[in-house]
Amino acid sequence: MSKYLIKRIDRFKEDDYTIWKKFLGKAYGRTIFHNPDFLSYHKKKFNEHHIGIYKGDQLLGIMPMAIITEGSRQIARSPYGASYGGVIFPSVMSYSNSKAILKSLIEYLEALCINEVIITPAIEICYAIYSDTFLFAMMEEKFTVINSDVTSIVCLSEVDIESKTFSSRARNMHKKARKEGVTVIENAEVDMFWEVMDKTFKRHGKSPTHSKEEFKYLNSICPEDIYCDIAVLGKKPVAGIGYFTLNEYVCMSFYLCNDIDYKESQALSLLVYESIIKAQRMGFKYFDFGTSSVNMIARENIFLFKESFGAVGRFRKTFHLRIHD
């Protein structure tokens, strides 16, 4: 019998919620996407089935998860409506413990008649101490990497505006925006930010991950972690950044938006330039630009723009295990 027990934890139950929140304070690799407060914006849209890993009565690990029905198949996903998921622990797991935990987890999912599980763990920059041992154990258990998109990140310890961290192109765009009269409003009203969001996403024929109402809700419950800055010409919002503070190490620009009618003002460049400097001043280690590829297909212009601000690529890997046919 395994020394690890897998149980469902329910964010709607007060005791589970309290234990979950307390656990987050000591977990390596935790992100805002592991926080039940953040997950609450989904309301009851998903069939949530969050995983708690116990050793005796001690909670040793948590994985936010939902079970998605696709035809006749049951697919467990972590995350199920966010950027990062996966199991988080309060310490680095040894190889033997990783194997034992995964054995218990797979047996638990088998008992639920799950056909397959898909997991996208947080990347290395989200950890105080990082180890690939658990991921190695996953691959020994027949997990395979089904996607490797590139997340563009800026290492803030290397940012020096007097040096060549930012390309001459980025510095020139910043100067041009200032000459054009572009100014920045920090912690802007969501309604103003969404003016630019609407124009950006309509231009691409897509919808953002969050509705305006959902973003407002997240901003209201996590105002220090989810917020937006906008660039304005006069009183006109022309560019914006929607931020998610992942944890104490990483500030993420979840949304970058730009009014194409004012593209020549270089307002977004000014906003990004000053956002990176602000993140450094606030004590973050990394500025996460988000992915620059989709399903392992590069968006070349996105790479070029982010690299001009000193961004480098890190893989965000998604793992898959087929449990039942």
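Each value, and the rule that gives it
- Residues numbered from 1 in each chain as written.
- Predicted model: local features only at pLDDT ≥ 70, side-chain atom pairs only at ≥ 80, totals over all residues.
- Heavy atoms only, no water.
- Helix = DSSP H or I, 4+ residues; strand = E, 2+ residues; numbered from the N terminus.
- Buried < 20%, exposed > 50% of the residue type's maximum accessible area, 1.4 Å probe, protein only.
- Contact = heavy atoms within 4.5 Å.
- Phe/Tyr/Trp six-rings, centres within 6.5 Å; stacked < 30°, edge-to-face > 60°.
- Pairing = 2+ DSSP bridges.
- Axes fitted to C-alpha atoms, helices over the stretch in contact; angles between N-to-C directions.
- 1 Å grid on protein atoms, 1.4 Å probe; cavity = no way out; pocket = protein on both sides within 12 Å on 5 of 7 lines; lining within 4 Å.
- Points joined across faces, edges and corners; volume = space filled by probe spheres on them.
- Nonpolar A, V, L, I, M, F, W, Y, C, P; charged D, E, K, R; others polar.
- Patch = residues over 30% accessible without salt bridge, like charges linked within 9 Å, V, L, I, M, F, W, Y side chains within 5 Å.
- Areas by Shrake-Rupley, 256 points an atom, 1.4 Å probe, with all protein chains shown as cover.
- Salt bridge = Lys/Arg side-chain N within 4 Å of Asp/Glu carboxyl O.

Participant: Is there a simple way to think about the environment of Phe289 in this case?
Facilitator: Along the chain, Phe289 falls in strand β12 (residues 286-291). Residue class for Phe289 comes out buried when judged on its relative accessible area of 3%. Sequence-wise, Phe289 and Lys306 are 17 residues apart; in three dimensions their C-alpha atoms are separated by 7.3 Å. Setting aside residues no more than four positions away along its own chain, Phe289 makes contact with Ser152, Val154, Ser253, Leu256, Val272, Ile276, Lys306, Phe309 and Ala311.

Participant: Would you explain the packing of aromatic side chains in this entry?
Facilitator: Describing an aromatic ring pair means giving the distance of the ring centres and the angle of the ring planes. With the rule as written, the count across this model stands at 24 aromatic pairs. Aromatic pair Phe38 and Tyr41: ring centres 5.3 Å apart, planes at 65 degrees, arrangement edge-to-face. Under the relative-accessibility criterion, Tyr41 is labelled buried at 7%. Seen from their ring centres, Phe193 and Phe215 are 5.6 Å apart, and the 35 degrees between their planes marks the pair as tilted.

Participant: Whenever I open this one, the environment of Thr151 confuses me. Can you help?
Facilitator: Position of Thr151 among the secondary structure elements: in strand β7 (residues 144-155). Apart from the residues within four sequence positions on either side, Thr151 is in contact with Tyr84, Ile123, Asp288, Gly290, Thr291, Val312, Gly313, Arg314 and Arg316.

Participant: Where do I start with the sheet that holds strand β3 (residues 58-63) in this structure?
Facilitator: Spatially, three strands are ordered β1-β2-β3 in an open sheet, and the strand pairing comes out antiparallel. Among the strands making up the open sheet, the edge pair consists of β1 (5-9) and β3. Shown here is a sheet whose adjacent strand axes are inclined to one another by a mean of 35 degrees, direction ignored. Sheet contacts for helix α1 (residues 14-24): β1, β2 (50-55) and β3; angle to β3, the most-contacted strand, approximately 85 degrees. In the packing of helix α3 (residues 95-111) onto the sheet, contacts are made with β1, β2 and β3, and the angle to β1 comes to roughly 55 degrees.

Participant: Help me understand empty space enclosed by the protein, please; the structure alone is not making it clear to me.
Facilitator: Any space left empty among the atoms is revealed by the rolling of a water-sized probe across them. Scanning all chains against the criterion turns up three cavities of 30 Å³ or more. By volume, the largest cavity amounts to about 280 Å³. What lines the largest cavity is a set of 19 residues, among which Val87, Phe89, Tyr127, Ser131 and Phe134 lie closest to the centre. By residue class, the composition of the lining of the largest cavity is 15 nonpolar, four polar and no charged.

Participant: Could you clarify how one ought to interpret a nonpolar patch on the surface in this entry?
Facilitator: Residues Tyr95, Phe136, Met139 and Val145 make up a contiguous nonpolar surface patch of roughly 360 Å² in combined accessible area. A residue is classified by how much of its surface remains accessible, and Tyr95, at 38% relative accessible area, is partly exposed.

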